[in-house]
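The primary structure of each chain is shown beneath.
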Amino acid sequence: MPAPKKGPRFGGSPSHHRLMMANMAAHLFASEAIVTTVAKAKVLRPYAERLITKAKKGGVHQQRQVVARIHDKDVAHKLFVDIAPRYADRNGGYLRILKLGPRPGDNAPMARIELV
């Protein structure tokens, strides 16, 4: 049996990684665009796109799964009512990553992730 693959966790525990992804996804859906590092944006894209796909399907079970992932009922409601119907005829590719310049403090590469 092969060993499970571990992705980047950004210097924290797996629980911290889950909470960070949940907060970033909630802020992304609330404001529809956020600025973060390129590495975090690349990890956030599939996480958020799975949530949008669940919201497109609709239903109570999917709502409970989304709320369990992002921990914010108001943002989950916005996702199901406002954001998901926009992508009813689109099969993925809901997010766009635009690379910005380096951050002034530590020269980290920055990116803007936004809904298409």
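This text follows the structure it describes.
Model, not experiment: these values are computed from the prediction. (Residues numbered from 1 in each chain as written. Predicted model: local features only at pLDDT ≥ 70, side-chain atom pairs only at ≥ 80, totals over all residues. Heavy atoms only, no water.)

## Structural notes on the overall build of the protein
So, point 1. Across its full length, the protein carries four helices and three strands.
So, point 2. If you list the helices and strands of the protein from N to C, you get α-β-α-α-α-β-β.
So, point 3. Relative to a compact globule of 116 residues, whose C-alpha radius of gyration would be 13 Å, the protein shows 15 Å and is just as compact.
So, point 4. Taking the principal axes of the C-alpha coordinates as reference, the protein spans close to 45 × 40 × 25 Å.
So, point 5. Burial status across the protein gives 35% buried among its 116 residues. (Helix = DSSP H or I, 4+ residues; strand = E, 2+ residues; numbered from the N terminus. Rg over C-alpha atoms; globule rule 2.2 N^0.38 Å. Buried < 20%, exposed > 50% of the residue type's maximum accessible area, 1.4 Å probe, protein only.)

## Re the packing of aromatic side chains
The description of two aromatic rings rests on the distance between their centres and on the angle between their planes.
So, point 1. All chains considered together, the criterion is met by one aromatic pair.
So, point 2. With centroids separated by 5.1 Å and ring planes inclined at 50 degrees, the aromatic side chains of Y87 and Y94 adopt a geometry described as tilted. We note that Y87, like Y94, is buried. (Phe/Tyr/Trp six-rings, centres within 6.5 Å; stacked < 30°, edge-to-face > 60°.)

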